[in-house]
Amino acid sequence: MRIELALDSIADAEYDTGYHHKLRGRIWRALEDKQKYAETHETNHGVGFAFSNVFPWGHINEGDRRYVRIASPRREVLDDLIAHFGTNREFDIGQMRFEIADISGHAPQVGEPGSTGRIDTGTGVFCAFDRELADEHGIDTSKMESGDAETKIFWRPEHGMGALQNTIRRSLQQTHERYGDDYYDGPMEVDEPLFESFEPIKDEVTYSIQFQPATEVNRKVILSKWRLGYRVRDETHRYHLKLALDAGIGQRREHGFGFLNLREQTPPRAGAG
């Protein structure tokens, strides 16, 4: 499930392409007084949410309407966000200053088994390999700095789609184990892929941005954006697709990466079996 905030600008501003850290901070302000979230905020698995960019892009004039979406597999997270934003309407993201005009809830439906559709990555997918994961996928680690725990190799097309897809499934498996439904097997516990097709949205497939994971830390990261085709195989696969829409895909999802939007959904053909 997800919520959408309709934001009205209260001042002119240039669009801040490095919004990730500031937007994450505004969301966290809505949760920080809850002890149940404080205990997991800085852990590897986090609280369990993903968020879009502020859209549409472009220069912001006072009075303009913009939107942001926040998704989570945990209903309680969204309920607490709605309660906070309902009484705390200011929504500043650095120099981009807004007031919340409206809050709406959405539950995208991928369809019953046999349905087909397309899901787009609304924000770039973060996929980085440490030495262990790189070795697992046969990726050359000779250029990694020895002894530097923060050194990562970002996914590029030459690493192969298998490495990217396995990383996406592994991250979603962790979300399943932490916040998912025990009734179903996890994404790593089935042999079939999560998506039938990966079509790059950008001509160059990957692109780089400056990312600020903390106030005094600024890094260049490499991302990719995708159109993801699917055909719902069964109820377990349907659950996996819904979990991806609720949690995002890839790594650093609570920092604003891997947010998904359902773009197309076609019910199964009559009589198909």
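In this report, we go over the structure that sits alongside the text. (Residues numbered from 1 in each chain as written. Predicted model: local features only at pLDDT ≥ 70, side-chain atom pairs only at ≥ 80, totals over all residues. Heavy atoms only, no water.)

### Describing the overall build of the protein
And then number 1: Helix and strand counts for the protein come out as six helices and 14 strands.
And then number 2: On C-alpha atoms alone, the protein measures out to a radius of gyration of 19 Å, which is about the 19 Å that the 2.2 N^0.38 rule sets for 273 residues.
And then number 3: When the 273 residues of the protein are sorted by exposure, 48% land in the buried category.
And then number 4: A separation of at least 24 residues holds for 74% of the contacts in the protein among residues at least 6 apart in sequence.
And then number 5: When the accessible surface of the protein is totalled, it reaches about 13,600 Å², and 42% of it is carbon and sulfur.
And then number 6: Mean positive and mean negative side-chain charge positions of the protein (35 and 46 charges, respectively) differ by 2 Å. (Helix = DSSP H or I, 4+ residues; strand = E, 2+ residues; numbered from the N terminus. Rg over C-alpha atoms; globule rule 2.2 N^0.38 Å. Buried < 20%, exposed > 50% of the residue type's maximum accessible area, 1.4 Å probe, protein only. Contact = heavy atoms within 4.5 Å. Areas by Shrake-Rupley, 256 points an atom, 1.4 Å probe, with all protein chains shown as cover. Lys, Arg positive; Asp, Glu negative; His and termini not counted. Charge placed at Lys NZ, Arg CZ, Asp CG, Glu CD.)

### Here we look at the sheet that holds strand 1 (residues 2-9)
And then number 1: The five strands lie next to each other as 2-3-1-5-4, forming an open sheet whose pairing is antiparallel. The open sheet is flanked by strand 2 (50-51) and strand 4 (90-93), the only strands paired with a single partner.
And then number 2: Here strand 4 pairs with strand 5 (residues 96-106) via four bridges, running antiparallel. Paired with Ile93 across the strands is Met96, a residue of strand 5.
And then number 3: Along the sheet, helix 1 (residues 20-29) contacts strand 2, strand 3 (65-71) and strand 4; its crossing angle with strand 4, the most-contacted strand, is approximately 155°.
And then number 4: Along the sheet, helix 3 (residues 75-87) contacts strand 1, strand 3, strand 4 and strand 5; its crossing angle with strand 1, the most-contacted strand, is approximately 20°. (Pairing = 2+ DSSP bridges. Axes fitted to C-alpha atoms, helices over the stretch in contact; angles between N-to-C directions.)

### A look at the packing of aromatic side chains
And then number 1: Applying the stated criterion across every chain yields a total of 13 aromatic pairs.
And then number 2: Here Tyr183 and Tyr184 contribute two aromatic rings whose centre-to-centre distance is 5.0 Å and whose plane-to-plane angle is 90°, an arrangement assigned as edge-to-face.
And then number 3: Judged by centre distance (5.0 Å) and plane angle (80°), the rings of Phe211 and Phe257 are edge-to-face. Remark: Phe257 occurs in the loop between helix 6 (235-247) and strand 14 (260-266) and Phe211 occurs in strand 11 (residues 206-214); sequence separation between them is 46 residues. (Phe/Tyr/Trp six-rings, centres within 6.5 Å; stacked < 30°, edge-to-face > 60°.)

### Points about the sheet that holds strand 13 (residues 226-231)
And then number 1: With antiparallel pairing, four strands are arranged side by side in an open sheet as 10-13-6-14. Strand pairing shows two members of the sheet lacking a second neighbour, strand 10 (197-200) and strand 14, which therefore form its edges. Pairwise comparison of adjacent strand axes, ignoring direction, gives a mean angle of 20° for this sheet.
And then number 2: In this fold helix 5 (residues 161-179) packs onto strand 10 and strand 13, with an angle of close to 110° to the strand it touches most, strand 10.
And then number 3: Most of the contacts of helix 6 go to strand 14, to which it runs at about 140°, and overall it touches strand 6 (116-121), strand 13 and strand 14.

### Focus: the packing of helix 5 against helix 6
And then number 1: Where helix 5 contacts helix 6, the two axes come as close as 10 Å, and the packing angle between them is 90°. Accordingly, the angle class assigned to the pair helix 5 and helix 6 is roughly perpendicular. In contact with Leu172, Thr175 and His176 of helix 5, helix 6 contributes Tyr239, His240, Leu243, Ala244 and Ala247.
And then number 2: Here the residues of the contact of helix 5 with helix 6 are counted per class, giving five nonpolar, three polar and no charged. (Parallel < 35°, antiparallel > 145°, perpendicular 65-115°, else oblique. Nonpolar A, V, L, I, M, F, W, Y, C, P; charged D, E, K, R; others polar.)

### Some thoughts on the nonpolar core
And then number 1: Core analysis: the biggest nonpolar cluster contains 32 residues, and Phe129, Trp155, Phe195, Trp226 and Leu228 have the highest contact counts within it.
And then number 2: Of the residues forming this core, the biggest block, six residues, is contributed by helix 6.
And then number 3: Contact partners of Phe129, with chain neighbours within four places excluded, come to Ala134, His137, Ile139, Met144, Lys152, Ile153, Trp155, His159, Ala163 and Thr167.
And then number 4: Leu5, Trp28, Ala30 and Met96 belong to the second largest nonpolar core, which has 28 residues in total. (Core = buried A, V, L, I, M, F, W, Y, C linked by side-chain atoms within 4.5 Å.)

### Section: the pairing of strand 4
And then number 1: Where burial is concerned, the two faces of strand 4 differ: the one with Phe91 and Ile93 is buried and the one with Glu90 and Asp92 is not.
And then number 2: Connecting strand 4 to the next strand, strand 5, in antiparallel fashion are two residues, including Gly94 with a positive phi near 65°.

### Regarding the pattern of salt bridges
And then number 1: Here the structure, examined in full by the defined rule, presents 16 salt bridges.
And then number 2: Here Glu90 and Arg29 are joined by a salt bridge, their closest N and O atoms 2.9 Å apart. In this pair, Glu90 is assigned in strand 4 and Arg29 in helix 1, connecting sequence segments 61 residues apart.
And then number 3: Residue Arg29 is classed as partly exposed on the basis of its relative accessible area of 39%. (Salt bridge = Lys/Arg side-chain N within 4 Å of Asp/Glu carboxyl O.)

### A few points about the environment of Leu262
And then number 1: Position of Leu262 relative to the elements: it lies in strand 14.
And then number 2: Sequence separation of Leu262 and Gly117 is 145 residues, and the distance between their C-alpha atoms is 7.9 Å.
And then number 3: Leaving out residues up to four positions away in the same chain, Leu262 has contacts with Pro108, Gln109, Val110, Arg118, Ile119, Tyr230 and Leu245.

### As for unusual backbone geometry
And then number 1: A cis amide bond links Phe55 with the next residue in sequence, Pro56, at an omega value of 0°.
And then number 2: Tracing the sequence through the fold places Pro56 in the loop between strand 2 and strand 3.
And then number 3: At Val205, a position not held by glycine, the phi torsion is positive, near 65°.
And then number 4: Tracing the backbone through its elements, the reader meets Val205 in the loop between strand 10 and strand 11.
And then number 5: Not every positive phi belongs to a glycine, and Arg252 is a case in point at roughly 55°.
And then number 6: Within the secondary structure, Arg252 is located in the loop between helix 6 and strand 14.

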